[in-house]
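Geometric and topological summary
Chain residues, written in single-letter form:
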Amino acid sequence: MKTLIISGSRGTDDPTMATLPFIAAKAAHEQGHDVILWLWNEAVTLARRGTADHVVGVNLTPLKDLLAAVQAAGIPIWVCGACAVARQIGEAELIGGAAIKGMPDYIATVLERDRNIAF
């Protein structure tokens, strides 16, 4: 088993790239790896309740289905605090399993994990 942090930076501006970190997190978890999903830049909008319902990448599973699988698996979803503030997203608006975290949390976790995969 490996420990991974998978980060995504794209949101509704690029549905295909927005979906890939969720696919990767789900696949890694299914393979037995310990995963944290880190959303930053525009990807933080995906952590707002209801947003993922309308995101479908090219030839990909709808994001709402992948998000449900990630949540059911208990994969932590970390949301960049500065990015959330810039987009006026507060804790009360977040999907289940999501938490606002700071850059120190991200850096400490990257240094502790076996791999950092970025989309």
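Residues numbered from 1 in each chain as written. Predicted model: local features only at pLDDT ≥ 70, side-chain atom pairs only at ≥ 80, totals over all residues. Heavy atoms only, no water.

As annotated in an unreviewed UniProt entry, the protein carries the name Sulfur reduction protein DsrE and comes from Methylococcus geothermalis.

A cluster of nonpolar side chains, contributed by Met 103, Ile 107 and Leu 111, occupies part of the molecular surface with about 320 Å² of accessible area. In this structure, Met 103 sits in helix H4 (residues 103–112). (Patch = residues over 30% accessible without salt bridge, like charges linked within 9 Å, V, L, I, M, F, W, Y side chains within 5 Å. Areas by Shrake-Rupley, 256 points an atom, 1.4 Å probe, with all protein chains shown as cover. Salt bridge = Lys/Arg side-chain N within 4 Å of Asp/Glu carboxyl O. Helix = DSSP H or I, 4+ residues; strand = E, 2+ residues; numbered from the N terminus.)

You can see Arg 113 is positioned in the loop between H4 and strand S5 (115–118). Given the relative accessible area of 17%, Arg 113 is considered buried. Looking at Arg 113, its side chain comes within polar contact range of the main-chain oxygen of Asp 34, at 3.0 Å. Contact partners of Arg 113, with chain neighbours within four places excluded, come to Thr 3, Leu 4, Ile 5, Asp 34, Val 35 and Ile 36. (Buried < 20%, exposed > 50% of the residue type's maximum accessible area, 1.4 Å probe, protein only. Polar contact = N/O pair within 3.5 Å; in protein donor to acceptor, adjacent residues only side chain to side chain. Contact = heavy atoms within 4.5 Å.)

On to the sheet that holds strand S4 (residues 98–101). Strand order in the open sheet formed by five strands is S4-S3-S2-S1-S5, with parallel pairing between adjacent strands. Since the sheet does not close on itself, it has two edges, and those belong to S4 and S5, each with one partner. Strand after strand, the sheet turns through a mean of 25 degrees between neighbouring axes, direction not considered. When strand S1 (residues 3–8) meets strand S2 (residues 34–39), the two strands line up parallel, connected through six bridges. Of the residues in S2, the one forming a bridge with Gly 8 is Leu 39. Running over the sheet, H4 touches S1, S2, strand S3 (77–80), S4 and S5 and is turned about 135 degrees from S1. (Pairing = 2+ DSSP bridges. Axes fitted to C-alpha atoms, helices over the stretch in contact; angles between N-to-C directions.)

Turning our eyes to something else, we now look at the packing of aromatic side chains. Under the criterion given, the structure shown has one aromatic pair. Between the aromatic rings of Trp 38 and Tyr 106, the centroid separation amounts to 4.7 Å while the plane-to-plane angle is 25 degrees, which identifies the pairing as stacked. Pair noted here: Trp 38 is in strand S2 and Tyr 106 is in helix H4, with a separation of 68 residues, a long-range link. Assessed through its relative accessible area of 1%, Trp 38 is described here as buried. Taking the relative accessible area as the measure of exposure, Tyr 106 reaches 13% and is therefore buried. (Phe/Tyr/Trp six-rings, centres within 6.5 Å; stacked < 30°, edge-to-face > 60°.)

Pairing geometry for S3 and S4, over four bridges, is parallel. Residue pairing for S4: Ile 77 is matched across the bridge by Ala 98. After leaving S3, the chain enters helix H3 (residues 81–86) and then returns to the sheet as S4, a path that is right-handed. (Right-handed = clockwise from strand over helix to strand, strands pointing away.)

Attention now goes to helix H1 (residues 15–30). With 16 residues, H1 should cover 22 Å at 1.5 Å per step; its first-to-last C-alpha distance of 23 Å lies within 8% of that length. Buried within H1 are the following residues: Ala 18, Thr 19, Pro 21, Phe 22, Ala 24, Ala 25 and Ala 28. Lining the buried residues of H1 we find S1, S2 and helix H2 (63–72). Immediately downstream of H1, the backbone of Gly 32 shows phi near 95 degrees, a positive value. (Expected span 1.5 Å × (residues − 1).)

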